[in-house]
Amino acid sequence: MPDESSESINPTGDVRADTSNPSVALDVYCHECGYNLRGLTGTRCPECGKDSPALANAEPNIPWVHRARLGNLWAFTKTVLFASFRPRKLSQNVFLHIDFCEAKRFRRWVIAVTMFWMIGLTAFLYAIGPNNRLYDREFAELLKLYWPMALGNVLMLPFLLLATGIPSLFFDYRDLPVSLRNNAIALSYYCCAPLAWWPLPVIGGVGLLMSDPMSIENDMIAIPLIIAGALLPLMPIAIWSFSLLRLASRIMSDHQLRIIWMAAGIPLLWLLSVLLVFGLIPMAGFYVWVLIDALS
Ligand SMILES: [Zn+2]
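Here is what the cut-offs are and how they apply
Residues numbered from 1 in each chain as written. Predicted model: local features only at pLDDT ≥ 70, side-chain atom pairs only at ≥ 80, totals over all residues. Helix = DSSP H or I, 4+ residues; strand = E, 2+ residues; numbered from the N terminus. Buried ≥ 20, exposed ≤ 12 C-beta atoms within 10 Å, placed from the backbone. Contact = placed C-beta atoms within 7 Å. Axes fitted to C-alpha atoms, helices over the stretch in contact; angles between N-to-C directions. Left-handed = near helix turned anticlockwise from the far one by under 90°. pLDDT = per-residue confidence, 0-100. Expected span 1.5 Å × (residues − 1). Parallel < 35°, antiparallel > 145°, perpendicular 65-115°, else oblique. Nonpolar A, V, L, I, M, F, W, Y, C, P; charged D, E, K, R; others polar. Arc of directions from axis to C-beta. Core = buried A, V, L, I, M, F, W, Y, C linked by C-beta atoms within 7 Å.

Novice: Would you take a moment to explain the overall build of the protein for this structure?
Specialist: When its secondary structure is counted, the protein shows 12 helices and zero strands. What you see in the protein, going N to C, is helices and strands ordered as α-α-α-α-α-α-α-α-α-α-α-α. Within the protein, the proportion of its 296 residues that are buried is 28%. For the protein, contacts bridging at least 24 residues in sequence account for 64% of all contacts bridging at least 6.

Novice: Can you walk me through the environment of Ala184 in this structure?
Specialist: Tracing the backbone shows Ala184 in helix α8 (residues 178-190). Look at Ala184 and you get buried, because 26 C-beta atoms sit within 10 Å. With 60 residues separating them along the chain, Ala184 and Leu244 place their C-alpha atoms 9.2 Å apart. Once you skip the residues sitting within four places of it in the chain, Ala184 turns out to touch Val94, Phe171, Leu247 and Ile251.

Novice: Honestly, the packing of helix α7 (residues 146-165) against helix α12 (residues 256-295) in this entry has me stumped. Any pointers?
Specialist: A pair of packed helices is captured by two measures, namely the crossing angle of their axes and the spacing between those axes. Remark: α7 packs on α12, axes separated minimally by 10 Å, with the N-to-C direction vectors making an angle of 145°. In terms of crossing hand, the pair formed by α7 and α12 is right-handed. Across from Leu151, Leu155, Pro158, Phe159, Leu162 and Ala163 in α7, the residues of α12 making contact are Trp270, Ser273, Val274, Val277, Phe278, Ile281 and Pro282.

Novice: Mind showing me how you'd approach the confidence of the model for the protein here?
Specialist: Detailed conclusions should not be drawn from predicted coordinates in areas where pLDDT is low. Summing up the model confidence of the protein, the mean pLDDT is 82 and the portion of residues at 70 or higher is 82%. Per-element mean pLDDT across the protein ranges from 40 in helix α1 (residues 11-17) up to 96 in helix α3 (residues 72-85). Taken together, the stretch residues 1-21 has pLDDT below 50 and engages in 37 contacts with residues farther than four places along the chain or on a different chain.

Novice: What am I meant to see in helix α10 (residues 219-231) here?
Specialist: Note on helix geometry: an α-helix contains 3.6 residues per turn, so any two residues three or four positions apart are oriented the same way. Over its 13 residues, α10 runs 18 Å from end to end, which matches the ideal 18 Å to within 8%, given 1.5 Å per residue. In terms of burial, α10 is a largely surface element, zero of the 13 residues being buried.

Novice: Whenever I open this one, the packing of α8 against helix α11 (residues 235-251) confuses me. Can you help?
Specialist: Close contact between α8 and α11 brings their axes to 10 Å; oriented N to C, the two are set at 170°. Relative to α11, the element α8 lies roughly antiparallel. As for the relative orientation of α8 and α11, their crossing is right-handed in sense. Packed against α8, whose contacting residues are Leu180, Ala184, Leu187 and Ser188, the element α11 presents Leu244, Leu247 and Ile251 at the interface. Of the residues belonging to the contact of α8 with α11, the class tally is six nonpolar, one polar and no charged.

Novice: How should I be thinking about α3 in this particular structure?
Specialist: With 14 residues, α3 extends 20 Å between its outermost C-alpha atoms, agreeing within 8% with the 20 Å of an ideal straight helix rising 1.5 Å per residue. Along α3, the residues classified as buried are Ala75, Phe76, Thr79, Val80, Ala83 and Ser84. The buried residues of α3 occupy an angular sector of 150° when the element is viewed end-on, so they sit on one face.

Novice: Is there a simple way to explain the nonpolar core in this structure?
Specialist: Across soluble globular proteins, nonpolar side chains have a tendency to be buried as a group. With 45 residues, the main nonpolar core has Ala184, Leu187, Tyr190, Cys191, Ala193 and Ala248 as its most contacted residues. Contributions of two or more residues to this core are made by α3, α5 (100-128), α7, α8, α11 and α12. Ignoring any residue separated from it by four or fewer positions in sequence, one finds Cys191 in contact with Ala83, Pro167, Trp240, Ser243, Leu244 and Leu247.

Novice: What is the right way to look at the environment of Pro87 in this model?
Specialist: Mapped onto the elements, Pro87 comes out in helix α4 (residues 87-92). Judged by the 21 C-beta atoms lying within 10 Å of it, Pro87 falls in the buried class. Each C-alpha atom of the pair Pro87 and Phe242 lies 7.8 Å from the other, and the pair is 155 residues apart in sequence. When sequence neighbours within four positions are dropped, the list of residues in contact with Pro87 reads Phe242, Ser243 and Arg246.

Structure, rendered in structure tokens:
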């Protein structure tokens, strides 16, 4: 994990602090072409001619940073939309001064909102379940067992903590400047924003599957419905992964192997944490319960 307290000195932060020497003192890269801007003055990249936010000492354009002015809820909503649908713009901020603590706070907000959705969704399923308004009878039967649902919700918290922390491992390379590493890790926390609206496609997907597409005679309608029902819940995860890769390609464009390793490694570790949290932990708990039951 990065040292967010003492080493959060930013390349541009340095420039801002040291006004007697206006040239960039550290390795800072053009957000358009990746050209190293070290030692340069002015606001334009000499390689591609584009204005560089890193050279211009620009403020990050993440709405969450302006929380005090926008208010918590509005800033959160705007940041979720920004981080979910503007991955390119989000990743440009890696060369600016990113407040690490604010990024961690945003991650906690995303986790809290996701938990709120999960618990709400469970309550909703219970509300419609007993009246047999659910199509799937077996699922409705499953709902009569309270503890698996409650346990699922409880285990969701450690899972979310793990899943949102995993991407930071893939930005922790010694050859990157500490400031850039910290910025990338902070931005990787913003990348988990799609989790905040994750239940929407989940409800959409479950709704499509429960509308019983199998009974539709026309395959031209039934098959796309089934595929959409299965893929919709994966959409926010895909956006999350894409944002992370976009961020990685900004700072590690000359290390293609790392990006490939990241593209394979993050989903793999996510899958492992699903197995660990939702598989091994309940199994271990069950084992202990059986053991205690046998002994007594
Ligand atoms: Zn450039």
